[in-house]
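Below, each chain spelled out in residue letters.
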Amino acid sequence: MQVNAQQESNSKFKYEKIKKILNNPAVKFSLSSIGVVAGIGTLGLVARLIYDKLNNKNNEIKLDANDKKFIAKNFFLCKWGGGNNLCWNDVFIQFLMCPDIRCGDYKSEKIMKTINWINKILGEKYNGDFLDRKIEVPPDVRPVPDGLESYLTDGLGHDPIKMIWGKYNSRNFEDLKVVNYTYVCHYPIGNELFKDGFITYSNRPCLLNYLGDPNNREKNYIVNIIVKSKKILWNLSECFQLSTRNYYPTYIIVHDDVHYTNPTHVFAYYVIYDENMKIKYFLKVDDLKQNMKIVPKDKVLKDLNIYSVFWFVFSRGDIVKKYYVPR
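The following refers to the structure shown. (Residues numbered from 1 in each chain as written. Predicted model: local features only at pLDDT ≥ 70, side-chain atom pairs only at ≥ 80, totals over all residues. Heavy atoms only, no water.)

1. Some thoughts on helix 4 (residues 65–74)
Each full turn of the α-helix corresponds to 3.6 residues, which orients residues three or four apart in the same direction.
And then number 1: Among the residues of helix 4, Asp67, Phe70, Ile71 and Asn74 are the ones counted as buried. Angular distribution of buried residues about the axis of helix 4 spans 95°; they occupy a single face of the element. Pointing more than 90 degrees away from the buried face of helix 4 are the exposed residues Ala65, Lys69 and Lys73. (Buried < 20%, exposed > 50% of the residue type's maximum accessible area, 1.4 Å probe, protein only. Helix = DSSP H or I, 4+ residues; strand = E, 2+ residues; numbered from the N terminus. Arc of directions from axis to C-beta.)

2. So, empty space enclosed by the protein
Using a probe with the size of a water molecule, rolled over the atoms, empty space left in the structure can be pinpointed.
And then number 1: Evaluation of the coordinates by the stated rule reveals two cavities of 30 Å³ or more.
And then number 2: The space that makes up the second largest cavity amounts to roughly 50 Å³.
And then number 3: Lining the second largest cavity are Leu77, Cys78, Cys87, Asp90, Val91, Gln94, Val266, Phe267, Val285, Asp286 and Asp287.
And then number 4: The set of elements that each furnish at least two residues to the lining of the second largest cavity consists of strand 1 (77–79), helix 5 (87–96), strand 10 (265–273) and strand 11 (279–286).
And then number 5: The dominant element in the lining of the second largest cavity, judged by the number of residues it contributes, is helix 5, at four residues.
And then number 6: Residue composition of the lining of the second largest cavity, grouped by class: seven nonpolar, one polar and three charged. (1 Å grid on protein atoms, 1.4 Å probe; cavity = no way out; pocket = protein on both sides within 12 Å on 5 of 7 lines; lining within 4 Å. Points joined across faces, edges and corners; volume = space filled by probe spheres on them. Nonpolar A, V, L, I, M, F, W, Y, C, P; charged D, E, K, R; others polar.)

The structure is reproduced here in structure tokens:
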């Protein structure tokens with residue numbers, strides 16, 4: 001993946017360089033002038049940029065002042081630093097960046113060090129495009145459970161959700177107030193409510209009932225959704241219908257074993273809502289592509305269908321209204 005990442009990084013660098021030229025009204029848009037000014041002879045890349053600009057591909061959703069202020073205040077991209085495969089750690093840090101998680105005061109010194117660093121970055125003055133803020137995370141700020149420090153240098157992929165269930169400074173990170181459940185989509189494997197720790201497809205309504213349990217209103221939920229069968233019996237859109245139980249998806253980690261292998265890759269989405277608690281747009285963060293961008297709901301639903309493993313974070317309606325609605 002590192003070779004692919006380097007090629008992708010070089011291409012991204014060229015793309016962004018020419019993009020600045022295209023966005024400069026003083027520059028006449030022609031292939032020759034762009035090639036000379038940028039010092040790049042890749043006409044195919046230039047053509048792609050012009051096509052993107054003409055078709056407004058990077059701005060499919062109109063953002064108002066509240067949206068821009070909201071994103072600038074709450075998010076930046078954990079930039080992939082190269083060398084080691086740290087996407088799994090970056091999406092965990094992006095999870096700690098969730099507005100409702102970031103405001104917490106936790107017992108773990110490791111976690112608080114990361115959160116304090118996030119808040120420091122967000123509090124610094126930034127004059128660039130709010131979607132272009134990309135910050136490389138210092139190694140001493142990256143949180144990993146006690147005893148797993150070698151994960152940061154082994155170059156391997158690791159389960160980002162295991163970060164939550166590890167120990168930090170010899171404490172379980174349980175004060176985060178999250179609950180983990182695995183939801184397996186496949187043919188029923190039995191009539192039990194739980195089978196080998198999984199909620200089976202045949203008992204899907206139990207997941208909905210549990211998320212609506214009034215005795216657990218203090219909790220957020222991380223649900224590991226795994227598609228086990230090519231003959232899919234489950235509709236991804238159901239994950240966006242739990243609002244009937246007053247729980248809404250706020251953060252989604254996607255395991256990409258389609259475009260990347262040995263190791264695979266993970267990236268994430270923040271889910272942003274409007275005043276009516278309807279999904280307004282998604283904010284995609286992908287460290288390998290060094291990309292933070294706005295994506296429409298329909299496109300996300302379409303794109304997610306090619307993957308097989310997701311981690312959904314669900315939050316209560318009052319939390320969503322307070323932290324995930326731009327205003």
